[in-house]
Amino acid sequence: MAGSPNSNLRGFNHAVQTLLKQPTQFLPHLTIPTFTHLPENLGPHLINAKKGLQTPPEKPPHTPTIRALVLDKDNTLCAAKTTSFPPQILAKLSSLRTSPTSLFNQTTNPNAILIVSNRAGSHPRFDGEISELEAQLAHLRIPVFRLPAGTEKKPFCGEEVVQWFRERGVVESPHEIAVVGDRLGTDVLMAGMMGSWSVWCKEGVFDVGMEGKPERNVLEKMEVWIEWFLREKGGYKAPLPMGWEKQKQA
């Protein structure tokens, strides 16, 4: 993986081009304040969230069954550029992995959750972060994705992520995966490129009013404005995952 470990210029260019040519790809299927608000039974919420999907009313889609979660790290599970999980985030992860009704339970579905970051796992420079994250999550059996050599960062590594789950028998289709993260230009776009569902953590790690909540940076402010403008002023809706409408009714 040559070049600067933090460089993702192609990702930025792709985001700009997508916004100009296919702006609906920037819209998530579900918006929640933070990861702690993620529903355990996610499928119905993806379809029914404010009826925000581009789908013919005479052919309503069946409810997806989400068997795998792709979780962003920075500003979704941890404060940006750290490996520290706030207590409420750890509690949510524990609930998803131990609840008897969770499809992500570590006993019945041990490989259901994968952390995919553009830091940890993306470059040898951040190998220490992998060790720190996985040590803290060892009791929950949640690994960090190692970007294969020659593979680009999010949003371009979706095919490799889908293959990771397939090899472990977690999913048969990318429609069974939800990508959860705080960035429209990486997490939501990657979900669309994968043919998966997207969940946007609009507030990042901390709910509004919580101690330690940082100010949004320029790109984050732009994404919040873009999402609002596309929905409220443009009337755009999130498109169904590629190929989903071709599936038979469950």
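As the structure is a prediction and not an experimental result, all values here were calculated from the model. (Residues numbered from 1 in each chain as written. Predicted model: local features only at pLDDT ≥ 70, side-chain atom pairs only at ≥ 80, totals over all residues. Heavy atoms only, no water.)

Draft legend 1. Molecular detail of a nonpolar patch on the surface. Together, Leu-9, Phe-12, Val-16, Leu-20, Val-218, Leu-219 and Met-222 make up an exposed nonpolar region whose accessible area comes to about 700 Å². Elements with a minimum of two residues in the nonpolar patch: helix 1 (9–21) and helix 7 (218–233). At four residues, helix 1 tops the list of elements feeding residues into the nonpolar patch. Secondary-structure assignment places Val-16 in helix 1. (Patch = residues over 30% accessible without salt bridge, like charges linked within 9 Å, V, L, I, M, F, W, Y side chains within 5 Å. Areas by Shrake-Rupley, 256 points an atom, 1.4 Å probe, with all protein chains shown as cover. Salt bridge = Lys/Arg side-chain N within 4 Å of Asp/Glu carboxyl O. Helix = DSSP H or I, 4+ residues; strand = E, 2+ residues; numbered from the N terminus.)

Draft legend 2. Inspection of the pairing of strand 5 (residues 177–181) at higher detail. In terms of burial, strand 5 is largely enclosed, as five of its five residues are buried. With burial as the criterion, each face of strand 5 is covered, one bearing Ile-177, Val-179 and Gly-181 and the other bearing Ala-178 and Val-180. Sheet topology note: the strand 3 (residues 68–71)/strand 5 ladder contains four bridges and is parallel. Bridging from a neighbouring strand, Leu-71 pairs with Val-180 of strand 5. Summarising the sheet, strand 5 and strand 6 (residues 197–201) pair through four bridges and their orientation is parallel. Across the sheet, residue Val-180 finds its bridge partner in strand 6, namely Val-199. Handedness of the crossover joining strand 5 and strand 6 through helix 6 (residues 184–194): right-handed. (Buried < 20%, exposed > 50% of the residue type's maximum accessible area, 1.4 Å probe, protein only. Pairing = 2+ DSSP bridges. Right-handed = clockwise from strand over helix to strand, strands pointing away.)

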